[in-house]
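Single-letter residue listing:
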Amino acid sequence: MGVVLRNLQKVVPLRRARLRRDVVTLRHILGIQKFDLGIICVDNQKMQQINHIYRKKNTPTDVLSFPFYEDLRPGKLPCPLHRDELNLGDIFLGVEFVMKQCQEESLDLHGALTVVTAHGICHLLGYRHETEEEWTEMQQRENYILSEYSRLTGRHLDPLMKRCSQDR
């Protein structure tokens, strides 16, 4: 199964090949290679529109995830009954939003996009951060993913995730 990676924005130059390689590595770490995954890169205008429609928040954000399996328990992989159910869902990356964060914090854009993608995949796998307990669980999972990513690639990435009291 594969990754569909679409770049629908023109604001920020993006190296899709690097992002695709990083997504392949993330899928390997999580053992989700058999599942399809969609990643769509958008600008602030499109991200704000999607965020407003689905979360009633009229601002852009860094990542929005739309899981194929709505009630998945954190850490549990789906058990599809049919081949066409080998899908985790779609992740929208707010590339322009992430770029502005990177400029403010002197971070590498492609590294930050990999971290945000890992966060989005965690959401597709049932992780949430609406309570302190959920936040801690998700943070631990992201820390594991990023430490494995660093071990496999030699590139160190830090989580971008904020406490659950801050809106993501």
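Calculation criteria
Residues numbered from 1 in each chain as written. Predicted model: local features only at pLDDT ≥ 70, side-chain atom pairs only at ≥ 80, totals over all residues. Heavy atoms only, no water. UniProt positions renumbered as here; feature names shortened; annotations may be inferred. Helix = DSSP H or I, 4+ residues; strand = E, 2+ residues; numbered from the N terminus. Rg over C-alpha atoms; globule rule 2.2 N^0.38 Å. Buried < 20%, exposed > 50% of the residue type's maximum accessible area, 1.4 Å probe, protein only. Contact = heavy atoms within 4.5 Å. Areas by Shrake-Rupley, 256 points an atom, 1.4 Å probe, with all protein chains shown as cover. Lys, Arg positive; Asp, Glu negative; His and termini not counted. Charge placed at Lys NZ, Arg CZ, Asp CG, Glu CD. Pairing = 2+ DSSP bridges. Axes fitted to C-alpha atoms, helices over the stretch in contact; angles between N-to-C directions. Expected span 1.5 Å × (residues − 1).

In its Sequence similarities (unreviewed entry) section, the UniProt record describing the chain reads: "Belongs to the endoribonuclease YbeY family." The Cofactor (unreviewed entry) comment attached to the chain in UniProt states, word for word, "Zn(2+)".

Student: Can you tell me about the overall build of the chain, naming the residues and giving the values?
Tutor: Counting secondary structure elements, the chain contains 5 helices and 4 strands. The helix and strand sequence of the chain, counted from the amino end, reads β-α-β-α-β-β-α-α-α. Taken over C-alpha atoms, the radius of gyration comes to 15 Å for the chain, in line with the 15 Å a tight globule of 168 residues would show. Taking the principal axes of the C-alpha coordinates as reference, the chain spans close to 40 × 40 × 30 Å. Residues counted as buried form 48% of the 168 residues belonging to the chain. Within the chain, residue pairs in contact and separated by at least 24 positions form 68% of the contacts whose partners lie at least 6 positions apart. Counting only carbon and sulfur atoms, one obtains 49% of the accessible surface of the chain, whose full area is about 9100 Å². When the 24 positive and 22 negative side-chain charges of the chain are each reduced to one mean point, those points stand 6 Å apart.

Student: Which residues make up the environment of Gln-103, and what values go with them?
Tutor: Of note, Gln-103 is situated in helix H3 (residues 95–105). For Gln-103, a relative accessible area of 53% puts it in the exposed group. When the C-alpha atoms of Gln-103 and His-156 are compared, they prove to be 19 Å apart, with 53 residues separating the residues in sequence.

Student: Can you break down the sheet that holds strand E3 (residues 63–67) residue by residue, with the values?
Tutor: Reading across the sheet, the 4 strands line up as E1-E2-E4-E3 and stay open at both edges, with mixed pairing between neighbours. Taken across any chain shown, the strands that pair with only one partner, and hence form the sheet edges, are strand E1 (3–7) and E3. If you compare each strand with its neighbour and ignore which way they point, the axes differ by 15° on average. Of the strand pairs in this sheet, E3 and strand E4 (residues 87–94) are connected by 5 bridges, and their pairing is antiparallel. Opposite Pro-67, over in E4, you have Gly-89 as the bridge partner. Of the strands in this sheet, strand E2 (36–42), E3 and E4 touch helix H2 (residues 44–55), which is tilted by about 50° from E3.

Student: Quick one: what's the story with the environment of Val-98, residue by residue and with numbers?
Tutor: Among the secondary structure elements, Val-98 is positioned in helix H3. Those residues in contact with Val-98, other than ones at most four positions away along the chain, are Asp-62, Leu-109, Ala-112, Leu-113 and Val-116.

Student: If you had to explain helix H1 (residues 16–30) to someone new, which residues and values would you point to?
Tutor: Between its terminal C-alpha atoms H1 stretches 21 Å, which fits the 21 Å expected from 15 residues at 1.5 Å a residue. The set of residues buried in H1 consists of Arg-18, Leu-19, Asp-22, Val-23, Thr-25, Leu-26, Arg-27, Ile-29 and Leu-30.

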